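Coordinate inspection notes
Here is what each chain is made of, one letter per residue.
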Amino acid sequence: MSSKENTLEKKNSVHARRFIAYLVLILLTFLCLIWFYVLFINSTRSNGELAAGFTAVPSHYFATNWHNLLNDATLPMWNGLLNSLIVSGCSAVLCTYFSTMTAFAIHAYDFKGKNFIFTFILAIMTIPTQVTALGFISLMSKMKLMDSFIPLIVPSIASPAVFFYMKQYMDSNLSISMLEAARIDGASEFRTFNQIVLPLMKPAIAVQAIFTFVSSWNNFFTPALILSKKEKKTLPILIAELRKADYAKFDMGKVYMMIAFSIFPVIIVYLFLSKYIVGGVTAGGVKE
């Protein structure tokens, strides 16, 4: 077989693999986005139309469902949105900052017990939230922090999963010699962390900020245990209350509208930070 034939065969093989890769990606994209389309379609339909079955064509009840949602006196939708933004935004900022700081301490310093501390932090990931819920609620009650956002924000600072990701990212991208050069130039440890480490960690921070924000935004279990006042409740709690309304007041069109309303902030956060995801995930998964 001549060299030209070999080259042609290799090109054909590359094109075939590329075609299959694009086909799989298109299929996965369709499977991810189809559910958003279904949600949008259902938010434009009435309760009776939804009970009759699914159709792929939008209806004309979008404005009606939106009006019903806004004028529900028992559903403080805007309060719920603000509460969710406060809890999720603060959790994302504090979790990524302090997890990065913890990972920096493990990565940059050598001290006795370093490996044990690293292993211990990772072992915490094996403890489910539900196991500690009873003791957590009892402690918050004794500290008079029920119906407060503090128990939803402060514990989120300690995230072993985010810490582990940041540590792996530093192993791949943060040179110890760079830190030593900063120390030689007289930079303090906090200045080194805030002005050198954080900018280098921006892709990883963006990725974990998205994940932390979405996780906190969708969290129903802990807020449902802590929050009882109507004006303090987050959107997942309000959606659950809307779904369990009695039969006479139940409106599935309004439920779908509420769900659609609740995911828009998540999409906006993703669009702002999505450019960092590919680079952050790729670099964080490779260790030199």
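Anything mentioned here points back to the structure above.
Residues numbered from 1 in each chain as written. Predicted model: local features only at pLDDT ≥ 70, side-chain atom pairs only at ≥ 80, totals over all residues. Heavy atoms only, no water.

A short note on the side chain of Thr-212
As for its position among the elements, Thr-212 is in helix α11 (residues 202-218). Overall, Thr-212 belongs to the buried group, its relative accessible area being 11%. Here Gln-208 takes part through its backbone oxygen, which lies 2.7 Å from a polar atom of the side chain of Thr-212. Ignoring sequence-local partners within four residues, the contact set of Thr-212 consists of Ser-91, Ala-92, Cys-95 and Val-162. (Helix = DSSP H or I, 4+ residues; strand = E, 2+ residues; numbered from the N terminus. Buried < 20%, exposed > 50% of the residue type's maximum accessible area, 1.4 Å probe, protein only. Polar contact = N/O pair within 3.5 Å; in protein donor to acceptor, adjacent residues only side chain to side chain. Contact = heavy atoms within 4.5 Å.)

Concerning the packing of helix α4 (residues 77-108) against helix α13 (residues 235-243)
The N-to-C vectors of α4 and α13 enclose an angle of 145°; their axes lie 8 Å apart at closest approach. Contacts between α4 and α13 involve Met-77, Gly-80, Leu-81 and Ser-84 from the former and Leu-235, Pro-236 and Leu-238 from the latter. Among the residues forming the contact of α4 with α13, the class breakdown is five nonpolar, two polar and no charged. (Axes fitted to C-alpha atoms, helices over the stretch in contact; angles between N-to-C directions. Nonpolar A, V, L, I, M, F, W, Y, C, P; charged D, E, K, R; others polar.)

Concerning the nonpolar core
Ranked by internal contacts, the top residues of the largest apolar core, which has 21 residues, are Phe-104, Met-166, Met-170, Val-197 and Met-201. Within the residue set of this core, elements represented by two or more residues are α4, α8 (160-173), α10 (189-200) and α11. Apart from the residues within four sequence positions on either side, Val-197 is in contact with Phe-104, Met-170, Leu-174, Leu-179 and Thr-192. Among the nonpolar cores identified, the runner-up in size contains 16 residues, and Leu-69, Leu-235, Ile-239 and Met-257 belong to it. (Core = buried A, V, L, I, M, F, W, Y, C linked by side-chain atoms within 4.5 Å.)

Some points on α8
Its 14 residues place the ends of α8 20 Å apart at the C-alpha level, agreeing with the 20 Å of an ideal helix rising 1.5 Å per residue. In terms of burial, α8 is a largely internal element, 10 of the 14 residues being buried. All of the buried residues along α8 are Pro-160, Val-162, Phe-163, Tyr-165, Met-166, Lys-167, Tyr-169, Met-170, Asp-171 and Ser-172. (Expected span 1.5 Å × (residues − 1).)

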